[in-house]
Each structure stands twice: as C-alpha cells, then as structure tokens.
Amino acid sequence: MEGLKLPYSVHGGDGGKLVVPLPAFTLASRLRPRCYLPPSTGSKGCAGFITRTVAQLYPSHLLSRYSGMKQARDRGFGTKSASASVQPMAEELVEDKSEDLPTSGNSIRRRFLEFYAARGHKILPSASLVPDDPTVLLTIAGMLPFKPIFLGQVPRQVTRATTSQRCIRTNDVENVGRTSRHHTMFEMLGNFSFGDYFKKEAIRWAWDLSTLEYGLPTDRLWISVYEDDDEAFEIWHNEIGVPVQRIKRMGEDDNFWTSGVTGPCGPCSEIYYDFHPERGHSDSDLGDDTRFIEFYNLVFMQYNKLDDGSLEPLKQKNIDTGLGLERMARILQKVPNNYETDLIFPIIEKASELANLSYALADDPTKTNLKIIGDHLRAVVFLISDGVAPSNIGRGYIVRRLIRRAVRMGRLLGIKGDGRGNTEGAFLPILAEKVIDLSTNIDSDVKARAARILEELKREELRFVMTLERGEKLLEQMLLDALLSAKEKGTVPFLSGKDAFLLYDTYGFPVEITTEVAGERGVSIDMSAFDVEMDNQRRQSQAAHNVVKLTVENGADLTGNIPDTEFLGYDTLSSRAKVEALLMNGNPVVHASKGSEVEVLLNRTPFYAESGGQIGDHGFLFVTESDNQQKAIVEISDVQKSLGNKFVHKGTITEGTLEVGKEVEAAVDANLRQRAKVHHTATHLLQAALKQVIGQETSQAGSMVAFDRLRFDFNFHRPLLENEIAEIEGLINKWTGDAALLQTKVMRLTDAKSAGAIAMFGEKYGEQVRVVEVPGVSMELCGGTHVSNTCEIRGFKIISEQGIASGIRRIEAVAGEAFIEYVSSRDNYVKQLCSSLKVKAEEVTTRVDTLMEELRMARNEVSAARAKAAIYKASIIASNAFHVGTSNKIRVLVECMDDTDADSLKSAAEYLVDTLQDPAAVVLGSCPDEGKVTLIAAFTPGVVDLGIQAGKFIGPIAKLCGGGGGGRPNFAQAGGKKPENLLSTLEKAREDLVSFISEKTS
C-alpha cells in the first residue's frame, strides 16, 4: 500500500509564495523546448527564461497557494481568479512540484482513492500485470482481479473496493502515438460494489467526483446510457440534473457490457468531457475524438446471459467502474493529448534530449515517434518488473515487440548508441531510469528491481541492434534480387509484401524505411500484400486474450452449495472428513464405483493442494463401516484448488463405492509429504544463497517443488560459473548443518513486507499472510509446507543450471532423500566406469581425456584418408568436364561420387575447381549414409561474374532430393532425404547449368 500514499496538501503555507494551480510541469515542460539548448548546456540555463515567460504569458495562472477544495470548486474548472495577485515567480518554483498540485497525475490518483475510501470502499493495491487467469495473457482491465468474486467463485472479503490498477493492452498498438488517447499501459481507477450499492449511488458518486472533487464544469459533461436503460436515464436527468440534450441513448455495441456468449452482463453509462462546447448540441457525436473524450465508464452488472440469449436478473448485482487516469490528467492539465501529461511527458522530454531535438518544434511524425517511445518504455519497465522477460512466445513476445518498436523509433529519431556519445551503448536504460523515477506512487517495488530492469533492457536493445544490422543486409540482398529478376523478365522491379512484412516483423524495419530505401533504388513495394500480412497479424493479436470472459463451467453449479475446504495439513497428515461433492469427467454425480476416476471435494482435508510451486499431496481416502472394515478406497494422485478455496482431490477408486455425504478417513502419504517439505525449504535457502552469491537484485521467476526434485527459475543475464554453483551449494549445506528451527507466523501483509519478507512469484495474497523464516537466512511469504528444522534437509545438490529464456536461468536440484538417491546413483556410475576403464575413481577423468585424444587422432586419420580417396576419385572424373558457351567457353562438371562423406565431397570440389581453372562450374553429389544426400556446388569467379551464384543455384536443385541448402556465391552445400532421386537431381543440375551459362555467354 505504500505506493498509494501520495504527498498532497490543499492548504497554503509557503510564506505567501505563489504557485501555478495547473502543474508546473505543464507550463515549464511545454515551454522548455522553445529555449532548446545543446545537451551540454543543461536545463538550468532555461530557468530564468521560463520564469519570465510564465509571468508574462500566463499571468492569470499565477494564483495563490491552493487554499481549499471548495474554493477551487467554486471558481469552476479553468476560470480565472479575479482576486489573485500577480507577482514574479521565484526560480525555485520552476522545479517540478507536480506531486503537490491538485492536477498532477499522482494527486488525481490519490484523490480518487480517498474519495471512495471516505464512502466505505477498501483501498486495495494494484494486482500484477501477470494475471492469475488463464483466459488472458496480461491484466487488461481494472476489474480482472475481481473476476472470481463477480462469478461467485470466491466469497467477497469486502462489499466495496477501490483500486488504481495497472493495465496492458496491445490489440491496437498501431494506434499508439497516432491518436491522443491510445496506450499500451494505462492506469484504470475503479470503484467496485459486490452486491452492495447499485446505480443510484454509482452515478451520484461518479458525478460528485468529477464535478466537486476534480472541479470539472457541469456544462462540459455529457452522458451516454444504454438505449433501454430508463432507470439510469432518469437518475442522470432527474436526480443529477443533466439536461436531456446532453444525455445520449446508445445501442448494445456501445453501451451494453457482456463478458462472453453467456455469463454476467449489463448496461453501461459513460461520462464524456466536451473540449468544444461552443459547437452546441445539434448533431453532436460522442465518438468525435476531436471534441469528446470518454473518461469514466460505469458498468451495471445486473443480468446473467443464458445459452438461448435471454437475460435473467443476477441475485447479486455488482458495480464495476473505470476512470482512465491518463485521460483525466489530460483534461485537468489542459494538454492536447494524454502523452503530454506529467505521467508520460518527462519520458518524452528525455528521449527528445537524447535525440538532440525540441519536441515543441518537431513535426508530427517526429512527435509520434517520441510518443511511442514514451508509451512503450512505460509498459516494458512495469512488465519486466512484474517478472515478464523478453522472449518469442506469450507475454515475453509482447515485451520484446514493444522494446523493438521503441528501438526502431529511436533510430528513426537519430539516436545513436546511448545518445550520449557511446555508439556501442543503449539508450533505453537511460529512458527507463526516468520511468523508474516516476514509478514510486504506482508500484514501489519497481525501484527495488531497477538493476534487473535496466540490465534486461540493455541486453535486449543491443541484441536487437545486431538484428537490425542483419536486416539491413537482407534488405540490400532483396533489392538486388528484385532488380535482377526485373531485368531478366523485362518487368518493373518490386519487393513482395511478404518480404516487406518479414523485414518489419522479424528485423524491425518500419515499412516506411523499406519503402524509402527501395524507392531510392527504383524498386516499388506491393503494399496491398503487406497490408494483408499486417491484418493477419493484427487479427491474431486481437484474438490473443484481450477480452475478460466471465463464464463458468459445470463446477460453478456447486459453488453456492459447498463451503471452502478447511485445510488441516500444517498440523496433521490424517483426519476424518465428509464428502461434499463428487465429480466424474467434470460432471456432478452422487456415487462412483471401483475403477472410476473421480474428483472429490471434502469439507476438511490434510491434503495440500498445489500452489506456490508445490505440487499437491498424494495419499488415500478410506471409507469404513461401523466395525472399521474398509468399504472403499480412493487413491489420490493430485490435489488442486478450484472455485476459490475449494480443494479438489483427484484419484481413482481402487475398491468399493464412494458416495456423497459419506465420511472418509483422509490420509496423506507421509514419505512424499516429507520430500515436498524438504524441497520447499531448500528452495527458500536456494533463493537466499543466490542473492548472496550473485546479487540481491536477482529474483524468482517461477518454481516447482516436487517429490523427486526442485526447480527454481530466476532472473540473471548469464550462466552461473562453476565456482558460484559450488559456493551456493556450500552455503545451503552449511545452513542445513546449522540445524536452525524454522519460525512460522501469520501477520498482516504490510507488516510482513516491512519486516523484509519476500513474496513468492505468481502468488496472490490477502491481508493476512503466512511468513516462513529461517532465522538470519531467509524470510518469505509462503503458504507451503516446510520442515521444522533445516537439518531435515540432510544434503543439497544442484544437478543442472541452464537458460530457458532471455534473462531467465533455471536451476534443478535435489535435497533430502532425493539427494541421497542422486549421490548413490552417481556413485554406482563411477564404480562401473572404474571397472570398465581399470582405474581408480580419481583417475577416471585423466583416462577419459586420454581416450578422447586417441579417438580424435584416429578420426582425423580416417578423415584424411577419406579426403585423399575423394581427391583421387576427383582426379579421375576431371576428364569428364565439358565446355559450354560460344564466346567464353566454361568448363562444367556434374558428377555423382557414390558414398563420399560431406567433408570429403568438399575437398573433392575444391580440388576440381583448382584443376579445371577459371572459368569452371562443379556440382557433386553423394549418398554418405542411408536416407541422406549431400550436394556441393563450386563456381569460380568467372562464373559468378556472369550472375550465377552457387548458393542460389543449389537450393532449388536440392528440393528434388527432399532437402534444401545454400551458401556463398562461389561455394555452397545442400542436403536431402531421398537418395533415390540423386541421379535425376544431378541431371537437372547439368541441364540448368548448361542453360544458364549458354544464355549468359551467347
């Protein structure tokens, strides 16, 4: 919650100093580029100019210290104070004091939360951008964290809540920077009611917040309602007093919210701000972005949509609202778009500085590029902070794509290297520092993760710059091919839309650059085909989980009847319990018999359900008669949490019949539970050791605690060194030997974080959390099972360490019984090696090295012998070469060399081109192994100069053998999988060579 405590004061008290009631940022930052100075000058050189300019150009805005909310509201939004005196502004007031001003982004956020807190709402922290919801990739809406409550899957902890939720949407990323309001990352301020208040209160409070708290003039606010929602219309008109002409009834597409084909739904009502009230009411269109902006959306979740499309009233009516922070900041700060608010513009200013240009004086395309950089840097910093690393799949691909777009925009702006003279450096980390500075009141954890964020951005940018350079070479080759093809066919040279899209999507080339470079070479681009490729990608992106679906499966029918499962497993491994529900194939049943695979819900259980990376317990459910004779046995192989805090025991009935309502004896497999406990505690020690050895900035990116091993994913940019692995193992084994007693306690989340407890990756926490501490070593928030004393771990060994994604490493390790088994098996392997090699254990490495060297020498001898044999064959077939061409006779040789291996075939080809001399063209083929074909093409400079390249020639030929390949213009290799086609393939190669050479030399 620390991130929500924003500095703010509404009372004067600075000794009569005068300040600007609009953010100092708004005026100063928009004037600063007008006195643009070279980078070496620094910003202080503009201070006097800004002070004078503000005093001269904006005298009506130099008001006394904001002295009370009511006074400000009475003045009305944007009106001048007749009583305010105008005095020169002291230079120290030019500093950005936006945090202290009522129109700053931080203030708008804080005032929203406090407004609703004063009306009984619980202020809750923003959830991670990585949602606990498989239907979406990222947190795309403020209501997403409350989806289980809206579905009735989990009980509500509060009846009213308010949040400032970080959100990411990329389905319309192409509009970012080009419109005034589109973003990838945005903050959604929301107030929620879970079966408590409804339309009347939601509408009244939204209006009061807008007009009284934020001071928006009532005559600039327009309302939209669903066309059939007379109730909302009447509230807005009769109770709030909005004139009928400023209330628009709109259709289902615009003002009826649905979560999916079925499920909760309801009408919406929106508040719009009118930038041009002078245009009047006639023919007004709320979709006109030049006049209106929607800033507050109220969803009245009052129906459940059935399979037949009919609507039934919900038993519990809910309120879900969203106010766009960036949009409100734009309105209050009186800037032309969301990007020029104090939430984003400092990033844009920094980018302008690195590009050595003035934003105020820039043309529209340049401003667009700067806006894209500002927006995307914001998004990637928070995504990386929340554990998303750049990759080629899922969330990681989104991060990578945004980073690459930002890098491309930077290059378009002329930023070289880091923008500060180091051409080998990266500029994104410099901009990210500004984002991190602005993050304090959004997510206080971002600063703690700064080192990892900056390193990740630097590494990804430098890697992409190399990709861009490869793309430049590819574009050059594409243009040469287009020109050559057009010359041969007598057509106009053009680049295909698919090629242009490849450059755009894979190598980061904006199509505008491709078009410009191609135009300089006289090559056009098939833009219609490019647009088709773009549309395909856009459809795929929009289909990739950008809608929150509130639908429930069969299990939802049980939620109202079954209480949450009481977990007893911290204190006992067996207990009596009642069968509350029984499912087969996901459908409720009353009983199930032997051989059936079932899912069992109990009222209480000692079984641990999979969470926090720890897998679910295994064990048995026993049904006994009154005389203690077993009537049924269910073997449990997995336990999962579902529908909130209900434990689903998955297993097979091995004896008898199980019925709903029966009592069972639930017994956990004690041996497997102990193995899990050992590995879970060892995981905590591993994280502590990693932080000590490679740095505190490393953090968990995932984990798995199993019976046979543990797996721990963490953020780090390189493989661990052998000595680092040894040091980590040594630390953990030392802590194990210290026989420390673990301490477990339940406390408030804020207290736990203040005490230094580390949160487990991907876990969601309530107000009360469980803290597991190894005194002096580790303290983590964790609901898993653990040993009582570290000595129970017995031993720890890392069995593998590898990279699984960019900037993500993975360690697999064993501890406890699994450690003993691992060491014993390795000891048996060593004994077998010693017996086979006839050496002692300490001599195995030396003996293996000797054998490897002997093997290498033997292989070299064999390879040399094969090469000699191949050259001998080549000397015999050299006489088969024939001449092609009239004016410049070229020697051509196309032959099959039986089962010659690839390396020897290369040697033979090199021998032949030397023997035949320039100009000569040689194509050789062989079948070195069963089901394998090797092809070699070797052309001398005289052939290459004719425009016949080996790399391009051999590829199509190899396809006849079911393969492919390529290489340099003078030497290329290909392979295939159809030896039966080799002779016909070589015949085709002979015909094509003769044809090409004859055409070129005629």
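Residues numbered from 1 in each chain as written. Predicted model: local features only at pLDDT ≥ 70, side-chain atom pairs only at ≥ 80, totals over all residues. Heavy atoms only, no water.

Draft legend 1. Highlighting the overall build of the chain. When helices and strands are tallied, the chain shows 28 helices and 38 strands. A total of 1002 residues make up the chain; the buried ones form 51% of that total. Considering only contacts in the chain between residues 6 or more positions apart, those separated by 24 or more positions represent 69%. Just so you have it, the chain exposes about 45,200 Å², and 49% of that area is on carbon and sulfur atoms. (Helix = DSSP H or I, 4+ residues; strand = E, 2+ residues; numbered from the N terminus. Buried < 20%, exposed > 50% of the residue type's maximum accessible area, 1.4 Å probe, protein only. Contact = heavy atoms within 4.5 Å. Areas by Shrake-Rupley, 256 points an atom, 1.4 Å probe, with all protein chains shown as cover.)

Draft legend 2. Region of the structure containing the nonpolar core. Core analysis: the largest hydrophobic core is formed by 110 residues, its most contacted members being Tyr-214, Trp-236, Phe-295, Tyr-296, Leu-377 and Leu-457. Contact partners of Leu-377, with chain neighbours within four places excluded, come to Ile-347, Ala-406, Leu-428, Leu-431, Ala-432, Val-435 and Leu-457. Core analysis: the second largest hydrophobic core is formed by 31 residues, Ala-682, Leu-685, Trp-735 and Ala-740 among them. (Core = buried A, V, L, I, M, F, W, Y, C linked by side-chain atoms within 4.5 Å.)

Draft legend 3. Structural detail: the packing of aromatic side chains. Tallying each qualifying case throughout the model produces 24 aromatic pairs. Centre to centre, the rings of Phe-112 and Tyr-116 are 5.0 Å apart; their planes meet at 50 degrees, and the pair counts as tilted. With Phe-112 and Tyr-116 both in helix α4 (residues 105-117), this residue pair falls four residues apart, about one helical turn. Residue Phe-112 shares its accessibility class with Tyr-116, and that shared class is buried. Linked through ring pairs, Phe-112, Phe-115, Tyr-116, Tyr-197, Trp-205 and Tyr-296 together constitute an aromatic cluster. Taking the ring centre of Tyr-359 as reference, the NZ or CZ of Lys-367 above it sits at 5.1 Å. (Phe/Tyr/Trp six-rings, centres within 6.5 Å; stacked < 30°, edge-to-face > 60°. Lys NZ or Arg CZ within 6 Å of the ring centre and 35° of its normal.)

Draft legend 4. Inspection of the UniProt feature "coiled-coil region" (unreviewed entry) in the chain at higher detail. Here the UniProt feature "coiled-coil region" (unreviewed entry) sits at residues 841-868. With 89% helix and 0% strand, residues 841-868 has end C-alpha atoms that lie 42 Å from one another. (UniProt positions renumbered as here; feature names shortened; annotations may be inferred.)

Draft legend 5. Spatial organisation of the environment of Gly-803. Looking at the secondary structure, you find Gly-803 in strand β31 (residues 796-805). With a relative accessible area of 41%, Gly-803 lands in the partly exposed category. Through-space distance from the C-alpha of Gly-803 to that of Leu-720 is 9.9 Å; in sequence the pair is 83 residues apart. Apart from the residues within four sequence positions on either side, Gly-803 is in contact with Ile-808 and Arg-809.

Draft legend 6. Layout of the packing of helix α10 (residues 345-355) against helix α13 (residues 428-437). Two elements in contact, α10 and α13, have axes separated by 9 Å at closest approach and are oriented at 155 degrees. Between α10 and α13, the angle falls in the class roughly antiparallel. As α10 packs across α13, the resulting crossing turns out to be right-handed. For the pair formed by α10 and α13, the contact residues are Pro-346, Ile-347, Lys-350, Ala-351 and Leu-354 on the first element and Ile-430, Leu-431, Lys-434 and Val-435 on the second. Across the contact of α10 with α13, the residue classes break down as seven nonpolar, no polar and two charged. (Axes fitted to C-alpha atoms, helices over the stretch in contact; angles between N-to-C directions. Parallel < 35°, antiparallel > 145°, perpendicular 65-115°, else oblique. Left-handed = near helix turned anticlockwise from the far one by under 90°. Nonpolar A, V, L, I, M, F, W, Y, C, P; charged D, E, K, R; others polar.)

Draft legend 7. Summary view of unusual backbone geometry. The peptide bond linking Asp-918 to Pro-919 adopts the cis configuration, its omega dihedral lying at 0 degrees. Along the chain, Pro-919 falls in the loop between α25 (902-916) and β35 (920-926). The backbone of Asn-585 sits at a positive phi, close to 55 degrees, despite the residue not being glycine. As for its placement among the helices and strands, Asn-585 is situated in the loop between β15 (574-584) and β16 (587-589). Even without a glycine there, the phi angle at Ala-739 is positive, about 50 degrees. Considering the arrangement of structural elements, one finds Ala-739 in the loop between α21 (722-737) and β27 (743-748). According to the relative accessible area criterion, Ala-739 is partly exposed, its value standing at 35%.

Draft legend 8. Structural context of the UniProt feature "binding site: Zn(2+)" (unreviewed entry) in the chain. UniProt annotation of "binding site: Zn(2+)" (unreviewed entry) refers to His-680, His-684, Cys-782 and His-786 when read in the numbering used here. These residues run over 107 residues, yet every pair of their C-alpha atoms falls within 9.8 Å of each other. Looking at the element boundaries, His-684 is found in helix α20 (residues 670-694). Assignment of secondary structure puts His-786 in the loop between β30 (778-781) and β31. Residue class for His-786 comes out buried when judged on its relative accessible area of 11%. Side chain to side chain, His-786 and Thr-681 meet in a polar contact 2.9 Å long. (Polar contact = N/O pair within 3.5 Å; in protein donor to acceptor, adjacent residues only side chain to side chain.)

Draft legend 9. Quick look at the sheet that holds strand β34 (residues 890-896). Ordered in space as β33-β34-β35-β36-β38-β37, the six strands form an open sheet in which the pairing is mixed. With partners counted over all chains shown, the strands left at the sheet margins are β33 (882-884) and β37 (964-967), one partner each. For this sheet the average axis-to-axis angle between neighbouring strands, irrespective of direction, equals 20 degrees. Note: β35 against strand β36 (residues 933-939), six bridges, orientation antiparallel. Each residue of the ladder has a partner; that of Leu-924, found in β36, is Ile-936. On the sheet, α25 packs against β34, β35, β36 and β38 (971-976) and is oriented at approximately 160 degrees with respect to β35. (Pairing = 2+ DSSP bridges.)

Draft legend 10. Expanded view of a negative patch on the surface. Together, Glu-227, Asp-228, Glu-252, Asp-253 and Asp-254 make up a negatively charged patch on the protein surface. Looking at the element boundaries, Asp-254 is found in helix α8 (residues 252-255). For Asp-254, a relative accessible area of 47% translates into the label partly exposed. (Patch = residues over 30% accessible without salt bridge, like charges linked within 9 Å, V, L, I, M, F, W, Y side chains within 5 Å. Salt bridge = Lys/Arg side-chain N within 4 Å of Asp/Glu carboxyl O. Lys, Arg positive; Asp, Glu negative; His and termini not counted. Charge placed at Lys NZ, Arg CZ, Asp CG, Glu CD.)

Draft legend 11. Structural context of the packing of helix α23 (residues 817-837) against helix α24 (residues 844-877). Taken N-terminus to C-terminus, the directions of α23 and α24 make an angle of 55 degrees; their axes are 11 Å apart at the nearest point. Judged on the interaxial angle alone, α24 and α23 are oblique. In this structure, the crossing between α23 and α24 has a hand that is left-handed. On the side of α23, the interface is formed by Leu-833, Cys-834 and Leu-837, while α24 contributes Val-844, Arg-847, Val-848 and Leu-851. Its residues placed into classes, the contact of α23 with α24 shows six nonpolar, no polar and one charged.

Draft legend 12. Just the sheet that holds strand β29 (residues 768-774), in detail. With mixed pairing, four strands are arranged side by side in an open sheet as β27-β29-β30-β28. Across the chains shown, the open sheet's two edge strands, defined by having one partner strand only, are β27 and β28 (758-759). Of the strand pairs in this sheet, β29 and β30 are connected by four bridges, and their pairing is antiparallel. Note that in β30 the partner of Val-774 across the bridge is Ser-778. Here α20 sits on the sheet in contact with β28, β29 and β30, set at roughly 120 degrees to β30.

Draft legend 13. Structural context of a nonpolar patch on the surface. Nonpolar side chains collect at one region of the surface, where Val-848, Met-852 and Leu-855 lie side by side and expose about 240 Å² of accessible area between them. Inspection of the secondary structure assignment puts Met-852 in helix α24. The class for Met-852 is exposed, based on a relative accessible area of 52%.

Draft legend 14. Seen up close, the side chain of His-679. Tracing the chain through its elements places His-679 in helix α20. Taking the relative accessible area as the measure of exposure, His-679 reaches 0% and is therefore buried. In terms of polar contacts, His-679 uses its side chain to reach the backbone amide nitrogen of Ala-815, at 3.1 Å. Ignoring any residue separated from it by four or fewer positions in sequence, one finds His-679 in contact with Val-705, Ala-706, Phe-707, Asp-708, Arg-709, Leu-710, Ala-813, Val-814, Ala-815 and Ala-818.

Draft legend 15. A look at the pairing of β30. Every second residue of β30 is oriented toward a common face, with Ser-778 and Glu-780 on one face and Met-779 and Leu-781 on the other, all of them buried. Alignment of β28 against β30, held across two bridges, turns out to be parallel. Bridge pairing links Ile-758 to Glu-780 in β30. Between β29 and the antiparallel strand that follows it, β30, lie three residues; Gly-776 among them carries a positive phi value of about 80 degrees.

Draft legend 16. The arrangement of the pattern of salt bridges in detail. Considering all chains together, one arrives at 44 salt bridges under this definition. As a salt-bridge pair, Lys-122 and Glu-767 come within 3.4 Å of each other at their nearest N and O atoms. Residue Lys-122 is found in strand β3 (residues 122-123), and its partner Glu-767 is found in the loop between β28 and β29; the two are separated by 645 residues along the sequence. Relative accessible area serves as the criterion here: at 34%, Lys-122 is assigned to the partly exposed category. Between Arg-378 and Glu-326 there is a salt bridge, with its nearest N and O atoms 3.0 Å apart. One end of the pair, Arg-378, is in helix α11 (residues 364-385); the other, Glu-326, is in helix α9 (residues 325-333), with 52 residues separating them in the sequence. Like Arg-378, the residue Glu-326 is buried in the burial classification. Through salt bridges with shared partners, one network takes in Arg-166, Asp-386, Asp-443, Asp-445 and Arg-449.

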